[in-house]
Amino acid sequence: MTAPTMQFAHSEQSGQGNPADEDSREHQPQGRWRLLHPLVLVEDAISGVKSSVSLIIAAGVVVFRFDLPSWAIWALGVAIVVCACVIAPLLGYFSTRYRLTGESVEYHTGILVRKRNIIAYSHIHAVSSDEPFYYKPFSVVKLTVASAGNVAADMVLKAVPSDVQYELERLRGIPGSSGPGLATAQGRPDGEGASALDTASHEGAGTVEPAWEQGTRLYRASTSDILLYALTDLRFLAAVLALLGLLDRVRDLLSDRLFDEAASKVTGFLSGGALVVIVLGLLLVLALVLASVVNSMMQFYGFEVWRRQDDLVIERGLLTRRKVTIPMDRIQSVGIHQSVMRRILHLSSVTVSLSASHGEDDDGDNTSINLLPVIKQRAVIAELAGILPQWDIPEAEVELTGRGLMRFLLVVPVSCTVIGTLAASAVAIVTRERMMLLWMLLPLAAGLLWCFFRWMKGRNEGFQLLDEQRIIVSGARGFALFWVVTRRSRIQSVERRTTVLRQRRGVEGMTMPLFVFAGESELRFSAIREDRAAKLQEWAMRIPD
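Summarised in this report is the structure supplied together with it. Every value quoted in this text rests on a predicted model; they were computed, and no experiment measured them.

How each quantity is defined
Residues numbered from 1 in each chain as written. Predicted model: local features only at pLDDT ≥ 70, side-chain atom pairs only at ≥ 80, totals over all residues. Heavy atoms only, no water. Pairing = 2+ DSSP bridges. Helix = DSSP H or I, 4+ residues; strand = E, 2+ residues; numbered from the N terminus. Contact = heavy atoms within 4.5 Å. Axes fitted to C-alpha atoms, helices over the stretch in contact; angles between N-to-C directions. Core = buried A, V, L, I, M, F, W, Y, C linked by side-chain atoms within 4.5 Å. Buried < 20%, exposed > 50% of the residue type's maximum accessible area, 1.4 Å probe, protein only.

### Side note on the sheet that holds strand β17 (residues 480–487)
Here is step 1: Strand order across the open sheet formed by 7 strands is β13-β12-β11-β17-β16-β15-β14, with antiparallel pairing between neighbours. Bordering the open sheet on either side are β13 (369–376) and β14 (399–400), each of which pairs with just one other strand.
Here is step 2: Judged from the 5 bridges that link them, strand β11 (residues 333–338) and strand β12 (residues 347–353) form a sheet pairing that is antiparallel. The residue of β12 that forms the bridge with Val334 is Val352.
Here is step 3: Helix-sheet contacts for helix α17 (residues 441–460) involve β14, β15 (462–465), β16 (470–477) and β17, and the interaxial angle to β16 is about 155°.

Encoded structure:
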């Protein structure tokens, strides 16, 4: 370790500034403003074509209303297309610029209303890039720089050279930049930090040093792992509900006569026998499973987890290659999940949550990040020890908080189920409609499902205090089970609630919101004894009851 690096580390730890470091920051290169890649013009032109269709239809209504000549119609259509597909993309392209300085990444856009977004390296929580297949020949990526908060706080660079991501990661980790990589520079071999600083001082550097591209691969998902993920992912069942909703929309668009004719033909086809119905059902399930496999391959093909300095890098995707860079100290919580199918097969999936979004996935999700899409349950702790050694996650031995309190969890859903079922039965008796007796099954089924979900919470909710800083919380959401590992510093507040009936027995409900953008954003206990709640409150807030 060189002397300047040691001096810088000491100043950071002591909290006192060093005059030499302050002078170096003042003389950090501000970087030159750069334009986005011209490929963004093509994307904006395609978007302009889509948006101009509605404008042309609206203009056509106006034209025919005033009975204008044909040349005016063509002129108006050409003007709309030129404005939407040529002028607007060009104005947006030449009014948008970005630059990487010694302290932050900056983004400038707008002509009449000018917007300038600045994110300091110390405030970056994740850097993600998307590389669609048509970007690859040009070595261009879509870069998203995420800061804490909602999606509006993110900076999105639509099309930039792929080297910009490595340049940004390098600048976050060099001495003199206020990024989280300052601690990384302290542990480098002699001279490495200084060489990185010298390299970054070249304004607008377009080359990337190989040392910053290299890393250690910690995990790679095989094709069989991805297939197993697809076959145990129950989200494809939601496609059935979406299909039923689509059929209902189709019925609204078609006339009653056409819909009745189509329904009668389908009914006649299905009346051919039980074999036909079974075959059609199997074909439908096979189509949904195939769609799940294709979707999983598109998302997780080539899934790899890398360690680069103090950053965790996750790469995945078939047609669109996605890469997310996460500073290790920005991880807010680690979640282990088990759906019904995966619980039967002794499988789990692991996610990490941040305090910021990380760009949208293929399915539109921008919440938690898949760290291990699917893995055998007995191998979870060993894999996490290699990927996240700082968290030191052990086998969970939680103290169940709902034990002996099941009656407090079931009293409300059981009462509502009984009242709803009796009310439906009374209506059926008064109206003397036999079919109305079937309606009593609706509140009965909904109530039983509600009771089952509350029973799952009571059987699985619990906590384990690992030390003064870490906690494991278990729970259930629907049919799925989960375990969340987080730190005390991530807990924002403690909310305790009770009712008159519960208060007499010393039973409460408890919620502790986390500093997490989405995903497992709170630690919740549906029923917990008062002494345990007080213990958790004192641990989380350092405030006794």
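### Focus: the sheet that holds strand β2 (residues 104–109)
Here is step 1: Pairing in this open sheet of 3 strands is antiparallel, and the strands run β1-β2-β3 from one edge to the other. Across the chains shown, the open sheet's two edge strands, defined by having one partner strand only, are β1 (97–100) and β3 (115–120). Averaged over all adjacent pairs, the angle separating strand axes in this sheet is 10°, with direction ignored.
Here is step 2: Judged from the 4 bridges that link them, β1 and β2 form a sheet pairing that is antiparallel.

### Some thoughts on the environment of Trp483
Here is step 1: Its place among the elements puts Trp483 in strand β17.
Here is step 2: Along the chain, Trp483 and Gly335 lie 148 residues apart, while their C-alpha atoms are 5.7 Å from each other.
Here is step 3: Among residues more than four places away in sequence, those in contact with Trp483 are Val334, Gly335, Ile336, Gln338, Ala396, Ile472, Val473 and Ser474.

### Quick look at the nonpolar core
Here is step 1: One finds Leu312, Ile326, Ile331, Val334, Leu371, Leu384 and Leu388 to be the most contacted residues of the largest nonpolar core, which totals 39 residues.
Here is step 2: Broken down by secondary-structure element, the contributors of at least two residues to this core are α9 (223–231), α12 (274–300), β9 (311–316), β10 (321–327), β11, β12, β13 and α14 (380–387).
Here is step 3: Counting residues per element, this core draws most heavily on β13, at 5 residues.
Here is step 4: Residues within four places of Leu388 in sequence aside, it is in contact with Leu312, Met328, Ile331, Val334, Val352 and Leu371.
Here is step 5: With 24 residues, the next largest nonpolar core counts Tyr93, Leu143, Met155 and Val164 among its residues.

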